[in-house]
Amino acid sequence: MRRFISLLLASLLTLSLASCGKSAAGAGSPAASGPPASSAEPVKQDSPTSHSGDEDAKPFDRDSVTWVDWTGTVEHLFFHPVVAYPQLAFDGDAQANGIDDFMVTADEYRKILQSCYDKGYVLVDINQVWNESKDAAGNPVMVRSELKVPEGKKPLVLSFDDVNYYPYMLENGFTYKLVVGDNGQIWSYGKDPQGSDVYSQELDAVTILDQFCRAHPDFTPYGARGCLSLTGYCGILGYRTQTEKEDSSAAHEANRQKEIEAVKPVIQALKDEGWTFGSHTWGHIRLGTKPLATVQADTKKWADEVGSLVGPTKILFYPHGERPDGDDWKKTGPVFQYLQAQGFRVFCSVGVESFSYIKKDIPAVICDRLHPDGTTLRHSRQRYLQFYDAKDIIDLSVRPQREVSWS
Ligand SMILES: [Zn+2]
C-alpha cells in the first residue's frame, strides 16, 4: 500500500471559523487601511527592486523552440503563503513552529523557483494536464491531455493553498492582500515590522512568481502561472467577501459589498497574468469526516461567495490533504460523488510524489502534490533534489533552532 503522509498539514490554518470576520474588522484590517484595488493612486514601492536580472526579458518566442510530446509525470509542487518578514513569523510565539513546518520564506521561495528553472522545469497550468473525453462506449472519462513542452524541458504545475490572508497571518509576518498597481500588475500590500505600509512585488508568492516569469519568459512557455486554492470563510485574496453567521448587520453587508467590488479587478488582473483558481472548500473542512449534508452546504457557500467571483473551477484541493474516501482513491463514496457532480474533476491531495490516478468508475482524477516547506526542507532533502537542494535553500539564520536531518 502506498504510504501517504497522514496530514496534519496546514492544521494551523484551521482557525476558529466564527472569528474571522470579527478579527478582520479590527485594527490593522487591510480592508480599512489598503487602497481600493483599482485605485489610480500611484503605487509606492517601499522595497525597491534591485535584483539584477529581474528586468523584463523579451517575450517568449514559441517558434524559437522544438516542441516535443511529454508523456511522463507532470510534477506538482504546492506552497502556502510565503513569509515576508521572518522576524515576525519566527518570534517564538505559539504560531512560530507551525509556520516553520508549513511555510517557506520569500527568499527561500525565490531560490526554489530559480532552482526549478535551472533544472529545466517549465510551468504548465493544471487545467492543461487533464481533460474530459469519451470512452469507446461514449461514456465520459478523464484523460491525460496531449502535452507538448520545449525540447529538453519538463512540465511543472504549481498550486498555492489558502491564498486568503487569514487574520493570524497578518500578525505573523505575511502580506495582507493583493492589489492592482497603476502599472496594471499585481502588487502586495502589507505592513513592515515597524507598522509602515508597504507595497511590494518581492514579498508575496504571487508577485514573486510574476516577477520571475517576466524576467524569465521561457520558464512559462504557455504563459501559465499557478492555481490559487481558495477557501471562503475569511474572504479571498485579502478581501473580506464572506458572510458571517453571527453578523447579519447592514454594516457588515455594506462592507462585504465594498470588498466584493474591490477584489474584482484583482481577480481580473490575476487571470490576465495566467493565474487560475481552485476550491479549497469554504470552511477548510475535513472531507473525510464531515457528513454529506455539511459538505453540501459548504460547497454551495463556496460557489455563492467564491465561485461567483473567480468563476467555475474543476479543481478541488483537499483541506489537510484529507480524501473523502480515505487512502483508497479507487473508492467512490457519496461525498466524492457529490463533489464530482458539482463539476470538480481534479482532486488534489498532498503526498510523497506527484502521483496521479484517473478513476475508472467516474470522470475524475486523483493526484498528490509535493510540498516545499520547512518540514521537507529539514527532513526530505533527497526527495526534492530533482527540484532543488534543501541545503542551498533553507535559511537557518532566520528559522527557529530546530533539527535538520541532513548535514
Ligand atoms: Zn489549507
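Reading guide: rules and limits
- Residues numbered from 1 in each chain as written.
- Predicted model: local features only at pLDDT ≥ 70, side-chain atom pairs only at ≥ 80, totals over all residues.
- Helix = DSSP H or I, 4+ residues; strand = E, 2+ residues; numbered from the N terminus.
- Buried ≥ 20, exposed ≤ 12 C-beta atoms within 10 Å, placed from the backbone.
- Pairing = 2+ DSSP bridges.
- Axes fitted to C-alpha atoms, helices over the stretch in contact; angles between N-to-C directions.
- Contact = placed C-beta atoms within 7 Å.
- Parallel < 35°, antiparallel > 145°, perpendicular 65-115°, else oblique.
- Left-handed = near helix turned anticlockwise from the far one by under 90°.
- Nonpolar A, V, L, I, M, F, W, Y, C, P; charged D, E, K, R; others polar.
- Right-handed = clockwise from strand over helix to strand, strands pointing away.

Colleague: Could you clarify how one ought to interpret the overall build of the protein chain in this entry?
Modeller: The helix and strand inventory of the protein chain stands at 13 helices and 16 strands. Within the protein chain, the proportion of its 407 residues that are buried is 46%.

Colleague: I tried to follow the sheet that holds strand β8 (residues 177-180) on my own but got confused; where do I start?
Modeller: Each strand in a sheet pairs with its neighbour through backbone hydrogen bonds, running either in the same direction (parallel) or in the opposite one (antiparallel). Taken together, the three strands give an open sheet; going across it, the order is β8-β9-β10, and neighbouring strands pair in antiparallel fashion. Looking at the sheet topology across the chains shown, the edges are occupied by β8 and β10 (197-200). Along the sheet, successive strands turn relative to each other by an average axial angle of 35°, direction set aside. Sheet topology places β8 next to strand β9 (residues 186-191); four bridges connect them, and they run antiparallel. In the strand pairing of β9, V180 is matched with I186. Strand contacts of helix α8 (residues 205-215): β8 and β9, with the helix running at about 140° to β9, the strand carrying the most contacts. With respect to the sheet, helix α9 (residues 250-273) is in contact with β8 and β9, its orientation differing from that of β8 by roughly 80°.

Colleague: Help me understand the packing of helix α10 (residues 292-310) against helix α11 (residues 334-341) in this model?
Modeller: Geometry of a packed helix pair, given as the angle between the helix axes and the separation of the axes. With their axes 10 Å apart at the nearest point, α10 and α11 run at an angle of 20° to one another. Accordingly, the angle class assigned to the pair α10 and α11 is roughly parallel. Helix-helix and strand crossings are classified by hand; for α10 and α11 the assignment is right-handed. For the pair formed by α10 and α11, the contact residues are L292, V295, Q296 and T299 on the first element and P334, V335, Y338 and L339 on the second. Class assignment for the residues of the contact of α10 with α11 results in six nonpolar, two polar and no charged.

Colleague: So what exactly am I meant to see when it comes to the environment of K134 here?
Modeller: Its place among the elements puts K134 in strand β4 (residues 130-134). Judged by the 11 C-beta atoms lying within 10 Å of it, K134 is exposed. In sequence terms K134 and P363 are 229 residues apart; their C-alpha atoms lie 9.5 Å from each other. Those residues in contact with K134, other than ones at most four positions away along the chain, are N139, P140 and V141.

Colleague: Help me understand the pairing of β9 in this model?
Modeller: A regular strand places its side chains on the two faces of the sheet in alternate fashion. With six of six residues buried, β9 lies mostly within the body of the structure. Of the two faces of β9, the one holding I186, S188 and G190 and the one holding W187, Y189 and K191 are both buried throughout. In terms of strand pairing, β9 meets β10 through four bridges, oriented antiparallel. From the neighbouring strand, Y189 faces β10, where its bridge partner is Y199. What sits between β9 and β10 in their antiparallel hairpin is a turn of five residues, with G195 showing a positive phi close to 90°.

Colleague: Sorry if this is basic, but what is going on with the pairing of strand β12 (residues 276-279) here?
Modeller: Side chains of β12 alternate between two faces, with T276 and G278 and F277 and S279 buried alike. With four bridges joining them, strand β11 (residues 227-230) and β12 adopt parallel strand pairing. By the bridge assignment for β12, S229 is matched with G278. Once the chain exits β11 it traverses α9 before rejoining the sheet at β12, and the crossover so formed is right-handed.

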